Amino acid sequence: MKKLLIANWKMQLTHNEACTWLETELPSVLETLSHTEHELVICPSYTMLPYATSLYEDLAWGAQDCGFEEKGSYTGDISVLSLKDLGITYTLVGHSERRHYHAESDELISLKASLLLKHTIHPVVCIGETLGQIHTRRSIIQEQLAQILPLYHEHDRGIIAYEPVWAIGTGIVPSHEELADVLSIIREIMGNATYLLLYGGSVQETQAKLLSPLVDGFLIGASSLRSEELKKIILSC
Ligand code: PGA
């Protein structure tokens, strides 16, 4: 079944390293991808996007974040309009690293998601609890989705990535049963909205195989930069 696989490169590579990766690793990844129905989206650093989008126009490209206004005095922010100009079709918002290091609130995240929807870019809204919030997971998720809910009822191009913070970069992944449980909470909260639901957090081949029947795809961090691992993930879901 067709899955959406989103590679989150974070700030792991310099510009030159990322260029080398695209030139040397990506062709074989695309070859593997061509044997499947899956869609691959790569989210490199902003600085990489003009080059990346000109290099492989057939591939979908994503940004890791965006500004919450279209234009104006927002030093350091990148406008959704610029992303649109470059042909970006997906953008992550509310990643736990943005929530943690940049104190991004649910309100700010929903402003970004709304702007992306307005400009027909798929927002990938990341949600998930920390280890300390596991027992209050339902209310945390409910809070994170409260302002996304009306947007996703209005538009049908939204994406939710459930990424428990305790699973990101740790090698620890929720069990099939635990993930099924959380996903049903998310689906219950979202009601009859139309959206794709992804899982993210330490995704590797084994987890992809096990968890793929539960989700519409994966948000992949570290494994997305190891091309052999990425190919295995592509083939296993
Ligand atoms: P990870 O990162 O796959 O390295 O755990 C996922 C993410 O943070 O999106």
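One can find the structure itself at the top, above this paragraph.
Visitor: Residues and numbers for the site of the ligand, please.
Guide: Around the ligand there are 13 residues in total, and Lys-10, His-95, Glu-163, Gly-169 and Ser-202 lie nearest to it. Between the ligand and Glu-163, the relevant distance is 2.7 Å, taken from an oxygen atom to a side-chain nitrogen or oxygen of the residue. A distance of 2.9 Å separates an oxygen atom of the ligand from a polar atom in the backbone of Gly-221. Computed on the free molecule, the ligand has an accessible area of 280 Å², of which 96% lies beneath the protein chains in the complex.

Visitor: Now, about the side chain of Glu-129: what can you tell me, with residues and values included?
Guide: Checked against the element boundaries, Glu-129 lands in the loop between strand 5 (122-127) and helix 7 (137-145). Among the polar contacts made by the side chain of Glu-129, one reaches the side chain of Tyr-162 at a distance of 2.9 Å. If near-sequence neighbours (up to four positions away) are discounted, Glu-129 is found in contact with Ile-134, Arg-137, Ile-140, Ile-141, Tyr-162, Pro-164, Val-165 and Trp-166.

Visitor: Go over the sheet that holds strand 3 (residues 60-63) with me, naming the residues and quoting the values.
Guide: Note: strands within a sheet are paired through backbone hydrogen bonds, in either parallel or antiparallel orientation. An order of 1-2-3-4-5-6-7-8 is seen for the eight strands of this closed barrel, with the pairing classed as parallel. Going across the sheet, the axis of each strand differs from the next one's by a mean of 25 degrees, ignoring polarity. Strand direction decides the pairing type here: strand 6 (residues 158-162) and strand 7 (residues 195-200), joined by five bridges, are parallel. Paired with Ile-159 across the two strands is Leu-196, which belongs to strand 7.

Cut-offs applied
Residues numbered from 1 in each chain as written. Predicted model: local features only at pLDDT ≥ 70, side-chain atom pairs only at ≥ 80, totals over all residues. Heavy atoms only, no water. Near = heavy atom within 4 Å. Polar contact = N/O pair within 3.5 Å; in protein donor to acceptor, adjacent residues only side chain to side chain. Areas by Shrake-Rupley, 256 points an atom, 1.4 Å probe, with all protein chains shown as cover. Helix = DSSP H or I, 4+ residues; strand = E, 2+ residues; numbered from the N terminus. Contact = heavy atoms within 4.5 Å. Pairing = 2+ DSSP bridges. Axes fitted to C-alpha atoms, helices over the stretch in contact; angles between N-to-C directions.

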